[in-house]
Amino acid sequence: MSRVEYLFPASESHSLISLDPHHFSSNLVHIFHIMFKSIALQAIRKSVRATSLSSPGLQQQVATRAFATAGFPPPRLFDYETVTSNLTVADAIESVEAAFKALAKGKVDVPMPMHIGIEESSVAGPGDCHIKGGYVSATPTFTVKLACVSFYKNVEKGLPPGSGIFIVVNAVTGAPLGVFQENRFMTDLRTGAAGAVAMKYCSSPEQDVVGFIGCGAIAKNMARAAATVRPIKGVAYAIDGAEEFAAEMSAELGVPFEVVSSAEELCGKSDIIYTQTPGASTVLEKDWLNPKGVTIIASGSDQPTKCEIPPDVLAASKYISDLTKQTSKVGELRSALKAGVMTEADVYAELGEVVNGDKAGREGNEIIVVDLTGTGAQDAAIGQVAWDKLSQL
């Protein structure tokens, strides 16, 4: 989530490198120029030292090969305004669904995410940086994403707590094609798209009352995504921002929304529950859930310190992960494993297996938990969509 949802409305994002988008572009071009020049010079020195031949002709050949990367054009830079004004969650749903299918078939290369913790000091933090990426087989690009989250001190400076960039790379040449200054916007889109896929395949057509615990940017994309699956009635709860969220989503989507005073009340009314909070503590209890069956789509946990769903709910559920090797380390599954109430053998399926029809979705009045930690497959999918659409501008 990558992916951190806040219980207050997300503020406007700013440039990762500079608050001025023009400064962002010039700074990043300068960084890329220095980076590639440095890499090329190091390659020359290592190649020359490694060879025992001192022929000037051979050294010139080494230098020529090392500098061949200078022939790549610089990547195109897409600023935040361009990204946000041209992409929607609807753009992402089809490609993310296809990515989950490919992931279940072993057709996606998805390394484990890298996490950099920025501890609080007089000169830095607190905050976290996540680096994810992936390649979906037989697609023309792959994506690497850097997402910075939980820089909560930014709020008092009038800045958002999160930022980030996507780098979309040519899968034929390995050269970067585009750098997208998305400040978590594309991450939120692909998270919302995964929420739509989870609802489509893990709930029944009769389940139309959809609850949202946490009402910030990700919740808005979840609501937009849910409305593409079937007509819904919304229920909202958050410590702050629920009234604004409900009014905005009702006006935008043309669906009724009710604001409730507690998570318990929301659970009692809802057939489907989206949770998207900072994950500092659990947000619901088993006894609160609809006895007719409920689908919980959790997206708030993306690192080992976070947990939204209690272990007893996980243990009682048909548990579906987006990627088990990931959810066991940083998702909701981690807490159930730690509590000793589940093992990885208790995982019913990965979401792609349900999408592919290898495993059934909802079967009767059961609790289903879909654990969305955000995969590199989703990043690759939205990266391809963004490049296909924005490169035509």
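Look above for the structure.
Overview of the structure. The shown structure was predicted, so the numbers you read here are calculated from the model rather than taken from an experiment. (Residues numbered from 1 in each chain as written. Predicted model: local features only at pLDDT ≥ 70, side-chain atom pairs only at ≥ 80, totals over all residues. Heavy atoms only, no water.)

Cis geometry marks the peptide bond from Gly125 to Pro126; its omega dihedral reads 0°. In this fold, Pro126 is placed in the loop between strand S3 (114-118) and strand S4 (127-136). If you check the backbone angles, Asn183 has positive phi at about 45° while not being a glycine. For Arg184, which is not glycine, the phi dihedral falls at a positive 80°. Counting through the fold element by element, Arg184 comes out in the loop between strand S7 (176-181) and helix H5 (185-202). We classify Arg184 as buried; its relative accessible area is 4%. (Helix = DSSP H or I, 4+ residues; strand = E, 2+ residues; numbered from the N terminus. Buried < 20%, exposed > 50% of the residue type's maximum accessible area, 1.4 Å probe, protein only.)

One can find Ser204 in the loop between H5 and strand S8 (209-213). Taking the C-alpha atoms as reference, Ser204 lies 9.8 Å from Ile272; in sequence the two are 68 residues apart. Excluding residues within four positions of it along the chain, Ser204 makes contact with Arg230 and Arg362. (Contact = heavy atoms within 4.5 Å.)

Within this structure, the stated rule accounts for 13 salt bridges. The partner of Glu120 in a salt bridge is Lys153, with the nearest N and O atoms 2.7 Å apart. With a gap of 33 residues between them, Glu120 in the loop between S3 and S4 and Lys153 in the loop between strand S5 (141-149) and strand S6 (163-170) connect regions that are remote in the sequence. Using a relative accessible area of 31% as the deciding quantity, one classes Lys153 as partly exposed. Close ionic contact of Lys220 with Glu248 constitutes a salt bridge, the shortest N to O distance being 3.0 Å. (Salt bridge = Lys/Arg side-chain N within 4 Å of Asp/Glu carboxyl O.)

In short, geometric facts, not functional conclusions.
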